[in-house]
Amino acid sequence: MPLCTLKQALEEARKGHYALGAFNVNNMEQIQGIIAAAAETKSPVIIQASRGALKYTELNYLKHMILAAVELHPEIPVVLHLDHGDSLETAKTAILLGFTSVMIDASSKPYEENVRITKEVVEYAHAFGVSVEAELGTLGGIEEDVSGVVKLTDPKQATEFVAATGVDALAVAIGTSHGAYKFKSTPVLAIDLVETISKATEKPLVMHGSSSVPQEILADINKYGGKMPDAQGVPIPAIQNAIERGVCKVNVDTDSRMAMTATIRKIFTEQPGVFDPREYLGPAREATKQLVMSKMRDFGTAGHAGDYVPISLEEAKKTYYGL
Ligand code: 13P
């Protein structure tokens, strides 16, 4: 099976009223855990890499590890996606590397500039059959070098933005933020905005900052020497509510980082004699798999891997963009 485009995967999800998890990766064990979860639950999946991940893995390591996952699991539609690309140059790097989807995030720039940069990336990417996600509005929190103060997406501007740029998916700001400290008290999200924007734009919407910071994982991290006081994420029912209203891609990074960390901390504390990386990275990989499987069930993705056959980038160029 060829890698899948984001456009195809999200259109299928929109039709089927479910969402795909988009899981960030930086190393082999995360990739293995995610693809194993997808295989076991029969879920299509988005594997995504940030600029930081590309740098950390020197581009080629990441590419070949993900291609290995695809080769071993031809029954799973896999979208290879660039998370938070900041420029046309970054998007070009990802596309030339073989990514089937890129995000251009110019949401911190003035509206007109966001439109201009996004359009530029859309023109370049679509010529390869590659899908584009863009962002309007601003998320709070900090993730690597992406930071911001919350500014909710305006539905009218979203409609204009989608028409002006031709993007395939739109990331909306509804009050979530990146990282493990999303809310100081009870989580408040503008879920109604999702429905309004989904109806107005008729595009699959993307929810960033969607980790739930599972309390049992957090408790293990703190119990085994970690220090993550007052961490809080987005409750799963809120995500499910957003999915019902038009979210088709749910970004998760923090939770899988936490799952690995909790496992490794526990092993180091309970078995101080362990020094073979396989003895802690193996269980960390299994923890990633379990976490991702629960997300695939929660987001309604489980069971949908066999619904369609991914089309190639060449076919996507013709089918979607008339090129
Ligand atoms: P979390 O920090 O909530 O996992 O969000 C990740 C994300 O949105 C990546 O783009």
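**Student:** Requested: an account of the packing of aromatic side chains, with residues and values cited.
**Tutor:** In total, this model carries four aromatic pairs according to the counting rule given. Taking the centre distance of 6.3 Å and the plane angle of 55 degrees together, the rings of Tyr111 and Phe161 count as tilted. In this pair, Tyr111 sits in helix H6 (residues 111–126) while Phe161 sits in helix H7 (residues 155–165), placing the two residues 50 residues apart along the sequence. A cation sits over an aromatic face here: Lys7 above Tyr320, 5.2 Å from the ring centre.

**Student:** Describe H6, listing the residues and the values that go with them.
**Tutor:** Side chains three or four residues apart in an α-helix point the same way, a direct result of the helix having 3.6 residues per turn. Taking 1.5 Å as the rise per residue, H6 with 16 residues should run 22 Å; its terminal C-alpha atoms sit 22 Å apart, in good agreement. For H6, the full list of buried residues reads Asn114, Val115, Ile117, Thr118, Val121, Val122, Ala125 and His126. As for H6, its buried residues are in contact with helix H5 (88–97), strand S4 (101–104), strand S5 (131–136), H7 and helix H13 (313–321).

**Student:** An account of the side chain of Glu135 is needed here, citing residue identities and associated values.
**Tutor:** Mapped onto the elements, Glu135 comes out in strand S5. For the buried Glu135, which has no salt bridge, the nearest side chain bearing the opposite charge is Lys249, at an N-O separation of 8.8 Å. For Glu135, the side chain forms a polar contact with the side chain of Ser107, separated by 3.4 Å. Residue contacts for Glu135: discarding those within four places in its chain leaves His84, Met103, Ile104, Asp105, Ser107, Asn114, Phe161, Leu170, Ala171 and His208.

**Student:** Give me the sheet that holds strand S10 (residues 205–207): which residues, what numbers.
**Tutor:** Pairing within the closed barrel is parallel, and its eight strands lie in the order S1-S2-S3-S4-S5-S8-S10-S11. Each neighbouring strand pair of the sheet contributes to a mean axis angle of 25 degrees, computed without reference to strand direction. The pairing of strand S8 (residues 169–172) with S10 spans three bridges and is parallel. Counted as the bridge partner of Val172 is Met207 from S10.

**Student:** Give me the nonpolar core: which residues, what numbers.
**Tutor:** With 69 residues, the main nonpolar core has Val45, Phe99, Val102 and Leu170 as its most contacted residues. The contact partners of Val45, leaving out residues within four places of it in the chain, are Leu20, Gly21, Phe23, Ile34, Ala38, Ile76, Pro77, Val78, Val79 and Met296. Residues Ala22, Ile46, Val206 and Tyr308 belong to the second largest nonpolar core, which totals 16 residues.

**Student:** Requested: an account of the environment of Ala19, with residues and values cited.
**Tutor:** Within the element layout of this structure, Ala19 appears in the loop between helix H1 (6–16) and strand S1 (20–24). Sequence separation between Ala19 and Ala242 is 223 residues, and the spatial gap between their C-alpha atoms is 9.6 Å. In this view, Ala19 contacts Ile243, Val247, Cys248, Lys249, Val250, Phe299 and Thr301; residues no more than four positions away in its chain are not counted.

**Student:** Quick rundown of the site of the ligand? Include the residues and the values.
**Tutor:** What surrounds the ligand is a group of 15 residues, the closest being Asp83, Lys182, Ser211, Asp253 and Thr254. Contacts to the ligand include Gly209, whose backbone N or O atom sits 2.7 Å from an oxygen atom. In isolation the ligand exposes 310 Å². Once the protein is present, 100% of that is buried. Residues of the shell around the ligand, tallied by class, amount to one nonpolar, ten polar and four charged.

**Student:** Break down unusual backbone geometry for me, citing the residues and quoting the values.
**Tutor:** The residue Leu59 is not glycine, and still its phi comes out positive at about 60 degrees. With respect to the helices, strands and loops of the structure, Leu59 is situated in the loop between helix H3 (51–56) and helix H4 (60–72). The class for Leu59 is partly exposed, based on a relative accessible area of 29%.

**Student:** Outline the packing of helix H9 (residues 215–223) against helix H11 (residues 254–270), supporting the account with residue identities and numerical values.
**Tutor:** Their axes nearest at 8 Å, the elements H9 and H11 cross at an angle of 40 degrees. Compared by their axis directions, H9 and H11 come out oblique. When you trace H9 past H11, the crossing you get is left-handed. Together, Ile217, Leu218, Asp220 and Ile221 of H9 and Met258, Ala259, Thr261, Ala262 and Arg265 of H11 make up the contact between the two elements.

**Student:** Can you tell me about the pattern of salt bridges, naming the residues and giving the values?
**Tutor:** Between side chains of opposite charge, a pair can form as their charged atoms come close. Counting across every chain of the model gives 17 salt bridges. Of the charged contacts in the structure, one is a salt bridge between Lys156 and Glu160, with a shortest N-O distance of 3.5 Å. Taken together, the residues Lys156 and Glu160, both in helix H7 and four residues apart, mark about one turn of the helix. Through salt bridges that share partners, Asp192, Glu195, Lys199 and Arg245 make up one connected network.

Rules and cut-offs
- Residues numbered from 1 in each chain as written.
- Predicted model: local features only at pLDDT ≥ 70, side-chain atom pairs only at ≥ 80, totals over all residues.
- Heavy atoms only, no water.
- Phe/Tyr/Trp six-rings, centres within 6.5 Å; stacked < 30°, edge-to-face > 60°.
- Helix = DSSP H or I, 4+ residues; strand = E, 2+ residues; numbered from the N terminus.
- Lys NZ or Arg CZ within 6 Å of the ring centre and 35° of its normal.
- Expected span 1.5 Å × (residues − 1).
- Buried < 20%, exposed > 50% of the residue type's maximum accessible area, 1.4 Å probe, protein only.
- Contact = heavy atoms within 4.5 Å.
- Lys, Arg positive; Asp, Glu negative; His and termini not counted.
- Salt bridge = Lys/Arg side-chain N within 4 Å of Asp/Glu carboxyl O.
- Polar contact = N/O pair within 3.5 Å; in protein donor to acceptor, adjacent residues only side chain to side chain.
- Pairing = 2+ DSSP bridges.
- Axes fitted to C-alpha atoms, helices over the stretch in contact; angles between N-to-C directions.
- Core = buried A, V, L, I, M, F, W, Y, C linked by side-chain atoms within 4.5 Å.
- Near = heavy atom within 4 Å.
- Areas by Shrake-Rupley, 256 points an atom, 1.4 Å probe, with all protein chains shown as cover.
- Nonpolar A, V, L, I, M, F, W, Y, C, P; charged D, E, K, R; others polar.
- Parallel < 35°, antiparallel > 145°, perpendicular 65-115°, else oblique.
- Left-handed = near helix turned anticlockwise from the far one by under 90°.

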